[in-house]
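Structural characterization, general
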Amino acid sequence: MANPIIPGSNNDRTGTLPILRRAVREINRRWAGLQADVLASFNAIPAYAINAGETVDLYRYGLTADQMSRLSAELQAAVERWIADGRDPANLFWWSQYVSESAQLGTAQSVANLSQLSPAYAAARSIETVIYSEPYVQRLAVAQFKSYEHWTGLAAAQKSDLAQVIGRAVTDGKNPKTIADEIKERLGVSLSKAKQYAQTDVTDTLRQARWAESEQAQEDFGIKVGLLWTSALLPTTRPWHASRHGRVYTTSQVKEFYGQRGNVYACHCSTTEALLDTDGNPILTPKLRAKMAGEKIKWDAENPQ
């Protein structure tokens, strides 16, 4: 009896950590560039201190209508350059490579796992036949478009937020250093959101690639496959995610779960194809069942609800 191949490790159930690390480095680089450009635009605004007694309480900024229009255009150009555009030498949107890598990794995991579980599948399928197939290409295009829409939406919101921060602060006559700190704070908030999205998108793209290949295998080869849930079992794991550890679900059940309660966000859990017997029960060795049950008991003890 062959157990499913559970990828990654206890700290990386999906195996996506290397992709995510590179993605986060790129996000950090882009937000640092964005901050430098925005601060440069703000620092170019003439500021005049107004003395009130012995201290400077108020500043007047020399902004004409034309200068305000130019500042708005510079903010727009900055967020587009660093978030909404930023194409690489291959003329692809900068985030597309991470979507592509995640989809290919998930497909490779499924192909390796299903090949071990089904000789018929192993004889007919390979990673190359899958990633060059039309259904795969179409799914990847949809995933990349979805992520592109997210980043362009984030860029628009970021530009509006920065314009409001600078406009309001200039009108109120705030100290330039105070305004610069507010700009950095707002960019820090959006940076955190960008990293959270990156983690969600990378793992969700991988999982969806696996679900698609699992469904295709069942359709093409008539094999009965369920999805073995491997929870991340981290201190931050939600109890209703941890409770699924070691259980097997249908693809439709897993999709339904991720469509509810924001379950897809910040989830590190993995689903792995497992063969089902004629009665629909998962074919797993007693050793694997015991191992996963022990992991769940340990997590429950360390994370009392």
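Below you will find a few notes about this structure.

Rules used in this analysis
- Residues numbered from 1 in each chain as written.
- Predicted model: local features only at pLDDT ≥ 70, side-chain atom pairs only at ≥ 80, totals over all residues.
- Heavy atoms only, no water.
- Helix = DSSP H or I, 4+ residues; strand = E, 2+ residues; numbered from the N terminus.
- Axes fitted to C-alpha atoms, helices over the stretch in contact; angles between N-to-C directions.
- Parallel < 35°, antiparallel > 145°, perpendicular 65-115°, else oblique.
- Left-handed = near helix turned anticlockwise from the far one by under 90°.
- Contact = heavy atoms within 4.5 Å.
- Nonpolar A, V, L, I, M, F, W, Y, C, P; charged D, E, K, R; others polar.
- Salt bridge = Lys/Arg side-chain N within 4 Å of Asp/Glu carboxyl O.
- Pairing = 2+ DSSP bridges.

So, unusual backbone geometry
- In this structure, Leu-233 is a non-glycine residue whose phi angle is positive, near 50°.
- Topologically, Leu-233 is positioned in the loop between β3 (225–230) and α8 (239–242).
- You will see that Arg-261, though not glycine, has its phi angle at about 55°, which is positive.
- Here Arg-261 is to be found in the loop between α9 (251–258) and β5 (270–275).

Some points on the packing of helix α3 (residues 96–117) against helix α6 (residues 134–172)
- Here α3 crosses α6 at 140°, and the two axes come no closer than 9 Å. Classed by the angle they form, the pair α3 and α6 counts as oblique. As α3 runs across α6, the sense of the crossing is right-handed. Every residue of α6 that contacts α3 at Ser-96, Val-99, Ser-100, Ala-103, Gln-104 and Thr-107 is listed here: Tyr-136, Leu-140, Ala-143, Gln-144 and Ser-147.
- Its residues assigned to classes, the contact of α3 with α6 shows 5 nonpolar, 6 polar and no charged.

Quick word on the pattern of salt bridges
- Taken as a whole and judged by the stated rule, the model has 16 salt bridges.
- Of the charged contacts in the structure, one is a salt bridge between Glu-26 and Arg-30, with a shortest N-O distance of 2.7 Å. With a gap of 4 residues between them, Glu-26 and Arg-30 both fall in helix α1 (residues 17–43), about one helical turn apart.
- Between Lys-177 and Asp-181 there is a salt bridge, with its nearest N and O atoms 3.4 Å apart. A residue pair is termed a helical-turn pair when its members lie 3 or 4 positions apart in one helix, as Lys-177 and Asp-181 do in helix α7 (residues 176–221) at 4 residues.
- Residues joined in a network through salt bridges with shared partners are Arg-13, Lys-291 and Glu-295.

A word on the sheet that holds strand β4 (residues 248–249)
- Read from one edge to the other, the open sheet built from 3 strands follows the order β4-β3-β5, with strand pairing classed as antiparallel. Edge positions in the sheet fall to β4 and β5, since each of these pairs with one other strand and no more.
- Pairing analysis gives 6 bridges linking β3 to β5, with the strands arranged antiparallel. Across the sheet, residue Leu-227 finds its bridge partner in β5, namely Glu-273.
- Relative to the sheet, α3 contacts β3 and β5, its axis offset from that of β5 by approximately 20°.
- This element, α9, spans β3, β4 and β5 of the sheet and lies at about 40° to β3.

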